[in-house]
Structures are given as structure tokens and as C-alpha cells.
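The lines below spell out each chain.
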Amino acid sequence: MPEATLNNSSTATDNVVDKHFRRLKSNSVALRSEGYKSRKRRLTKLRDWVMNNRPAIKEALFKDFKKPPEEVDLSEVYVVIQELNHAITHLKKWMKPKKVSTPLSLLGTNGAIHYEPKGICLIIAPWNFPFNLTVGPLVSALAAGNTVMIKPSELSPATSDLIHRMVEECFGDDDIVQVMLGDKETSTALLERPFDHIFFTGSPQVGKIIMEAASRHLSSITLELGGKSPLIVDEKANLRDTAEKLVWGKFSNAGQTCIAPDYVLCHEKIQNALLEEIRSAILRLFDPDGKGIQKSAAYARIINERHFDRLNDMLNEALDDGALLVSGGQTHREDCYISPTVLTGVDPDGKLSNEEIFGPILPVLSFNTVDDVITYINSKPKPLAMYLFCGGKENRQAIEKNTSAGGICVNETLVHFMHPNLPFGGANHSGIGKSHGHFGFLSLSNEKAVLKQRVGHTSVKLLYPPYTPRVKKMINLLLRYF
Ligand code: NAD
């Protein structure tokens, strides 16, 4: 039976973790021999639950940070349903062993890749898309035939409770999925166990702790991390279209999106025109009737006062250091509200320029040549996402080829996350490993190499000792011709 604990006693937490771990571990062995139909049944059950519980999901997200219900439908429910439908449709093909061609040197053998479950997986999730970023990895883990322990975020308690209920209602006593509610103490207790795979979504700082813990058991890992994702606008871009997509990508979820554009690099010639377009796009999207953005049902809140203070301090530090407010800047601590805020002239050594912002504050910097852009991006850790709004292909291709990022979106923001046939993930500081669709299935499977000798006598025997002149000749032939 899935069971939650908020018990502060580390012994009590340890005991619950132990109990769940043992049961999931032993069941993971039973799951190895299971066929496609059982996995499909599980995924279908999960899909039905999500579809039937849309109102509850919206209610939980509203309780956690007033996330607008339509945004929940798009960024929490739709993406999860899409992931489930995609997995259900393709699972049979994904699970099928894949034959590979045989090199001449191994003539007489067959080779195939078998996709076996990793075993028991741990999913540690963040609060910013608390449903999507917990259930998305769960889909891949179940499609790959694993048992799963989930640790949702303590900062989005209503959604975490709902996930706990979902697991109870979908999997009951089956020892397939368990949920452990709790904070970093619970994570720490979980990380002491030898999970076969750890799927972590969160900050790069905690990502390093996870990687260190995984190294103690040599658990494999997927780290979906964050960082500073740039959005680049050249002098030939369509500014109205760019501004609208930028404002949507940056300010939905109140900027608390791992792939939100963190800052803008725009050509100096079009900076003023772009700022004007950004200002009016903010009003069009979030204040169409002029009642004020704080009253808008389309604008979320900062998750808690600690994060509000962090963002407010960053903003005040930047203004003290000479940044200019182009738009926004209104804050209301009791309501955890920060209006969509745009700044220019931000100090390159300040926090806004060097830490992931993860909130509705957007610094706009300018450049003169595309080489400046490439040098700037390459001087920073590799971003999770990069957004290119370029009028022609020259600048776009130069940036694409000379920089590195987890993913690139051209003339769009955020939507690459929704593409089931593209891998999602970062590069080094912004993440390790890929998720979504087939890539998620592969990350949570062991690609087992299976070689079968078909004819009994193998050419490899010709190379066995003793190393007579004839064997030496065969080795030389092998090196030269095969
Ligand atoms: P976080 O790293 O603070 O927490 C994530 C999870 O780790 C939570 O469940 C938390 O309880 C746990 N945790 C916290 N401290 C821990 C510790 N010391 N040891 C073990 N576990 C610990 O991240 P967050 O604030 O929940 O989310 C924001 C961060 O996540 C941002 O950096 C954002 O960019 C990133 N993020 C990345 C993606 C992605 O897909 N790449 C998606 C969403 C968020």
C-alpha cells in the first residue's frame, strides 16, 4: 500500500523507506519477465486517472501557487496525457529486441539489443511543474518495466498529496509505485538506498548532491537541471511576434519554468523597438481589460515567501546597481506577487546576470555582432534551452553551430518540451541524460547486448592460445582486413 510519512523522526522515516525499498526491490525482479500487456494496462490506468481527475489537478495547483487552470491543462495535464498516449502507442515496438548487423570477424553469430528494466527507480521531483515533472518520468519508468519510488516536492503540498492519492488509486497494493512525502531529509534517507536509477529534476546545486549520492551505489542517473537560458533577437527578426512569444515563454508560470528565457540578448539597433513590443505584449496577454495584472486570472504567483524574497532581493540589488526598469517592478509579499518585470542596464557581475532567475524578471542585454553573442554564451555554463529569433539563416546557423545547449527552439519558446519525438534534457551544468518518449524509455532501460553463436564453430577460436605462428598470422590478418 502506498504510504506517506511526514514524520520528523529520522528513524521512523528510515523504517518506512526500508519497508518500501525492500518490497519494490523484490517486485522489480518479478516485473522483469512481465510482457507488454501488463505495462500497457498500467499506463492506460494512469491515463484514465489523469483524464478523470483534471478538476482535482487544477484545484491542487491553484492551492499551491494560484496557477491558472488553463495553464494547468496545457502544461501539466496535456503534456502528461501526450506522454502517456505516445508510450501506449509505441511501447510494443520499443520493447521488441533490436537485431544488429554482424561484422565479418564474428560471422556465424547473431547480435541483438534487449531492453530490460533497470529495476527500482527513484524519482525526485521539483515544485514548479509538480504534476508534470513527477508523472512524466513515472510514465517512462513504468513503460520500461520498473518499480518506482516517488519523492514529490514539499513546496507544492497540495499537488504532492494528490500524487500520493493517484498512486494509491492506480496501483494500490501492487508494490509497483510508492510515494514518500517529505523534504530533503526524506530525500537523503532515500538516497542512502541502492536504487538502480535515480531520475532527479531540480536545481544544479542539489543535482550535484544527487550525483554524489548515486556514485556511492553506482546508480545510473538522469539529472534534469536548470540554468540561464538565453533568447537571442537579431536586427532582422519580426519584433511583434518575438515579443509575444518571449512574454508567453517568460511570464507563464510566473517565470518559474526551467526552460523559460532567463535573459534576452538583442541587437543594439532594435533594442528600443523590442522593449516597446514587450511592454505591449505583456498588457495584451496578462492585462487585456486594464484591471491590473495582479487581478488577472492568467498570472500565477511565486511559490512561497522565501522565493519571493530571493527574487525581490535580486531585483532591488540590480536597481541599486543602476539597472533601469522598463516594465513592471510591482511586488506584494503577502500575495507572493511580482509583476512581469523587464530591466536593462543590469550589472554583469550582479546576481541577475549570474544566477538562474526562476521568476518573472527579465534582463535585456544588447549586442553588436553575432560573435559577441557566441563569446558571451560560451563564457557561461551550457544552457538548458536557447531561443533564436533571427531574420535570416546566417546568424541562426552561426549561433547553432558555435554554441552548446540542451535544446534549441527557433522562432518559438518552450514548445520543444511538448514534442514527443525530441529528446529533452540539458548539457552538463543544465543536465545529464535525456527524457520524453522513446528517449525516456531508453534512459530507464538497460540496453542489454545479447550475442548468440549459431553455428557452433566460431572463427574466434582461430585466435585462441597457444599463440603459434599460424595464430599470429590470423591476428595480423584480423587487424589488417576486418
Ligand atoms: P530543488 O533542487 O531545490 O529541489 C528539487 C527536489 O530535490 C525536491 O523534491 C527537494 O525536496 C529535493 N531536495 C532539496 N534539497 C535536497 C538535498 N539537499 N538533498 C536531496 N534532495 C533535496 O529544486 P526546486 O526548487 O524544486 O526546482 C527549481 C529548480 O529545478 C530550478 O533550478 C529549475 O531550473 C530546475 N528544474 C529543472 C527542470 C528540467 O526539466 N530540467 C524542470 C523543472 C525545474
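See the structure shown above.
Residues numbered from 1 in each chain as written. Predicted model: local features only at pLDDT ≥ 70, side-chain atom pairs only at ≥ 80, totals over all residues. Heavy atoms only, no water.

### Quick notes on the pattern of salt bridges
Applying the stated rule across the entire model yields 23 salt bridges. Ionic pairing is found between Glu169 and Arg165, a salt bridge with its closest N-O pair at 3.0 Å. Of this pair, Glu169 and Arg165 both sit in helix 6 (residues 157-171), four residues apart, roughly one helical turn. The closest approach of N and O atoms between Asp309 and Arg333, which form a salt bridge, is 2.7 Å. One end of the pair, Asp309, is in helix 11 (residues 305-320); the other, Arg333, is in the loop between strand 11 (331-332) and strand 12 (337-338), and 24 residues separate them in sequence. Given a relative accessible area of 34%, Arg333 falls into the partly exposed group. A cluster of three or more residues bridged by salt bridges with shared partners is formed by Asp14, Asp18, Glu192 and Arg193. (Salt bridge = Lys/Arg side-chain N within 4 Å of Asp/Glu carboxyl O. Helix = DSSP H or I, 4+ residues; strand = E, 2+ residues; numbered from the N terminus. Buried < 20%, exposed > 50% of the residue type's maximum accessible area, 1.4 Å probe, protein only.)

### A closer look at the site of the ligand
Of all residues adjacent to the ligand, which total 27 residues, the nearest are Ala125, Glu154, Ser203, Leu225 and Glu356. The separation between an oxygen atom of the ligand and a polar main-chain atom of Ala125 is 2.7 Å. Within the side chain of Glu154, an N or O atom sits 2.7 Å from an oxygen atom of the ligand. Within the complex, the protein chains bury 91% of what would otherwise be the 840 Å² of accessible surface of the ligand. Of all the secondary structure elements, the ones that give two or more residues to the shell around the ligand are helix 7 (184-191), strand 6 (197-201) and helix 8 (204-217). In terms of residues, the shell around the ligand owes the most to one element, helix 8, which gives three residues. A breakdown of the residues in the shell around the ligand according to their chemical character gives 15 nonpolar, seven polar and five charged. (Near = heavy atom within 4 Å. Polar contact = N/O pair within 3.5 Å; in protein donor to acceptor, adjacent residues only side chain to side chain. Areas by Shrake-Rupley, 256 points an atom, 1.4 Å probe, with all protein chains shown as cover. Nonpolar A, V, L, I, M, F, W, Y, C, P; charged D, E, K, R; others polar.)

### Topic: empty space enclosed by the protein
Throughout the structure, instances matching the rule amount to five cavities of 30 Å³ or more. Taken together, 22 residues line the largest cavity, and the ones lying closest to its centre are Asn132, Leu133, Phe417, Ser435 and His436. At the level of secondary structure, the elements contributing two or more residues to the lining of the largest cavity comprise helix 4 (69-95), helix 5 (132-143) and strand 6. Sorting elements by how many residues they give to the lining of the largest cavity places helix 5 first, with five residues. Split into classes, the residues belonging to the lining of the largest cavity amount to 12 nonpolar, eight polar and two charged. The residues that make up the lining of the largest cavity include at least three from each of domain 1 (2-225 + 434-446) and domain 2 (230-425). Approximately 60 Å³ is the volume found for the second largest cavity. In terms of lining, the second largest cavity is formed by Gly227, Ser229, Lys250, Gly255, Thr257, Cys258, Ala260, Pro261, Asp262, Glu356, Ile357 and Phe358. Considered class by class, the residues forming the lining of the second largest cavity number five nonpolar, four polar and three charged. (1 Å grid on protein atoms, 1.4 Å probe; cavity = no way out; pocket = protein on both sides within 12 Å on 5 of 7 lines; lining within 4 Å. Points joined across faces, edges and corners; volume = space filled by probe spheres on them. Domains from an automatic or database assignment.)

### Re the layout of surface pockets
There is about 410 Å³ of room inside the second largest pocket. Considering the residues around the second largest pocket, the lining is formed by 22 residues, among which Ser75, Phe129, Trp248, Ser252 and Leu414 are closest to the centre. Only helix 4, helix 5 and helix 10 (271-286) provide two or more residues apiece to the lining of the second largest pocket. Per-element tally for the lining of the second largest pocket: the top contributor is helix 4, with five residues.

### Points about the environment of Ile357
For Ile357, the position within the fold is in the loop between helix 12 (351-354) and strand 14 (361-367). Its relative accessible area of 0% is what places Ile357 among the buried residues. With 129 residues separating them along the chain, Ile357 and Lys228 place their C-alpha atoms 7.5 Å apart.

### Some details on the sheet that holds strand 9 (residues 261-267)
If you walk across this open sheet you meet the seven strands as 10-13-14-9-8-15-16, and the pairing is mixed. Of all strands in the sheet, those with a lone pairing partner are strand 10 (324-327) and strand 16 (407-410), marking the two edges. The mean inter-strand angle of the sheet, taken between neighbouring strand axes irrespective of direction, is 25°. Where strand 8 (residues 229-233) lies against strand 15 (residues 385-389), three bridges are found, and the strand directions are parallel. From the neighbouring strand, Ile232 faces strand 15, where its bridge partner is Leu388. Helix-sheet contacts for helix 10 involve strand 8, strand 9, strand 10, strand 13 (341-344) and strand 14, and the interaxial angle to strand 13 is about 170°. (Pairing = 2+ DSSP bridges. Axes fitted to C-alpha atoms, helices over the stretch in contact; angles between N-to-C directions. Contact = heavy atoms within 4.5 Å.)

### Considering the sheet that holds strand 6
With mixed pairing, six strands are arranged side by side in an open sheet as 5-4-3-6-7-17. Strands at the two margins of the open sheet, each flanked by one partner only, are strand 5 (177-179) and strand 17 (431-432). Direction of pairing for strand 3 (residues 120-124) relative to strand 4 (residues 147-151): parallel, over a ladder of five bridges. Residue Leu122 lies in a different strand from strand 4, and its bridge partner there is Met149. Relative to strand 4, helix 1 (residues 10-31) is tilted by about 150°, and along the sheet it contacts strand 3, strand 4 and strand 5. Against the sheet, helix 6 contacts strand 4 and strand 5, and its axis sits at roughly 155° relative to strand 5.

### Regarding helix 10
Here helix 10 is 16 residues long and its end C-alpha atoms lie 22 Å apart, about the 22 Å a rise of 1.5 Å per residue gives. For helix 10, the complete set of buried residues consists of Gln271, Leu274, Leu275, Ile278, Ala281, Ile282 and Phe286. Buried residues of helix 10, seen end-on, are gathered within an arc of 125° and therefore sit on one face of the element. Buried positions along helix 10 lie against strand 8, helix 9 (239-251), strand 9, strand 10, strand 13 and strand 14. (Expected span 1.5 Å × (residues − 1). Arc of directions from axis to C-beta.)

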